[in-house]
Amino acid sequence: MEELQKDLEEVKGLLKTATRKRICDFLLAEKNKIEREIKNFQPLKLKAEGSEEEKPTLTGYTVKINNYAWDQSDKFVKIYVTLSGVQHLPAENVQVHFTESSFHLLVKNLNNKNYTMTFNNLLKPILAKSSSWKIKTDMILILCKKQQEAKWECLTQVEKETKEKEKASYDTSDPSEGLMNLLKKMYAEGDDEMKRTINKAWVESREKQSKDDLPLDI
């Protein structure tokens, strides 16, 4: 934000001294671009530590956002939220509230609906004051500034615990037990075709086992 403000002041200074129309038009376009970036990039100011943020009052139908993509760099965790036409909203209609361990996205009055997304118990602490968001074409990019430059294997503590439990359930001393647990999970989460395939394999396995158990003719 500080760098953007400095760029804006410098462009304004150059505009005052420029005389050529082509140069003036270029500088004016650059000035408008930087002003838009500043408007979209401003993080919300947090209230005094320990105080609760006021929740905005919503009217109309509210949709919970479940679809997103995420990526990371050394310094930021990046969450990509696709919302068609979001770039046409007034900047104040898109708000993100950050804390050290969470963020809450609110998009107001997009196609007569409100959209929300909340992540609590982030995997690692973030710097709320240095986190921000950008509005792009049909997308909102949320930038969570890492407190430490460490790799995140997932976004939340809950996801991490779930993965560890699943891994533990397959980590058994008996290979057949681990395979059985995996098949049960595939069956529970699979579609009808997957379930038919597993059932068929199970029946064929039982039939083969029954034949193998028959006594040999003497």
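The rules behind each value
Residues numbered from 1 in each chain as written. Predicted model: local features only at pLDDT ≥ 70, side-chain atom pairs only at ≥ 80, totals over all residues. Heavy atoms only, no water. UniProt positions renumbered as here; feature names shortened; annotations may be inferred. Pairing = 2+ DSSP bridges. Helix = DSSP H or I, 4+ residues; strand = E, 2+ residues; numbered from the N terminus. Axes fitted to C-alpha atoms, helices over the stretch in contact; angles between N-to-C directions. Buried < 20%, exposed > 50% of the residue type's maximum accessible area, 1.4 Å probe, protein only. Lys, Arg positive; Asp, Glu negative; His and termini not counted. Salt bridge = Lys/Arg side-chain N within 4 Å of Asp/Glu carboxyl O. Contact = heavy atoms within 4.5 Å. Phe/Tyr/Trp six-rings, centres within 6.5 Å; stacked < 30°, edge-to-face > 60°. Patch = residues over 30% accessible without salt bridge, like charges linked within 9 Å, V, L, I, M, F, W, Y side chains within 5 Å. Areas by Shrake-Rupley, 256 points an atom, 1.4 Å probe, with all protein chains shown as cover. Charge placed at Lys NZ, Arg CZ, Asp CG, Glu CD.

If you check an unreviewed UniProt entry, the protein appears there as Calcyclin-binding protein from Pseudonaja textilis. UniProt, in the comment section headed Function (unreviewed entry), describes the protein in these words: "May be involved in calcium-dependent ubiquitination and subsequent proteasomal degradation of target proteins. Probably serves as a molecular bridge in ubiquitin E3 complexes. Participates in the ubiquitin-mediated degradation of beta-catenin (CTNNB1)."

Considering the sheet that holds strand 8 (residues 139–145)
Taking strand neighbours across the sheet as the criterion, the four strands line up as 2-3-8-7 in an open arrangement whose pairing is antiparallel. At either margin of the open sheet sits one strand with a lone partner, and together these are strand 2 (69–72) and strand 7 (132–136). Each adjacent strand pair in this sheet contributes to an overall mean axis angle of 20 degrees, direction not counted. As defined by bridge partners, strand 2 adjoins strand 3 (residues 76–82) across four bridges and the pair is classed as antiparallel. The residue bridging W70 from the neighbouring strand is I79, located in strand 3.

Some points on the sheet that holds strand 6 (residues 113–119)
Spatially, 1-6-5-4 is the arrangement adopted by the four strands of the open sheet, whose pairing is mixed. Where the open sheet ends on each side, the last strands, each with one partner, are strand 1 (61–64) and strand 4 (94–98). For this sheet the average axis-to-axis angle between neighbouring strands, irrespective of direction, equals 20 degrees.

Considering the environment of F98
One can find F98 in strand 4. Among the residues examined, F98 registers a relative accessible area of 3% and is labelled buried. Taking the C-alpha atoms as reference points, F98 and C144, separated by 46 residues in sequence, lie 8.3 Å from one another.

Quick word on the side chain of K145
One can find K145 in strand 8. No salt bridge forms around the buried K145; measuring N to O, its nearest opposite-charge neighbour E149 is 7.1 Å away. Contacts of K145, omitting those with residues within four sequence positions, involve K75, F76, I126, L127, S130 and S131.

Re the packing of aromatic side chains
Inspection of the entire model under this criterion finds three aromatic pairs. When the centroid spacing of 5.2 Å and the interplanar angle of 90 degrees are considered together, the rings of Y68 and F119 count as edge-to-face. Of the two residues, Y68 is situated in the loop between strand 1 and strand 2 and F119 in strand 6; the sequence distance between them amounts to 51 residues. Its relative accessible area of 32% is what places Y68 among the partly exposed residues. Overall, the relative accessible area of 9% leaves F119 in the buried class. A network of ring pairs unites the aromatic residues Y68, F98, F103 and F119 as a single cluster.

Remarks on a negative patch on the surface
A surface patch of like charges, here negative, comprises E3, D7, E10 and E37. Among the elements that take part in the negative patch, helix 1 (residues 2–17) stands out by supplying three residues, more than any other. In this structure, E10 sits in helix 1. Classification of E10 by relative accessible area gives exposed; the value is 55%.

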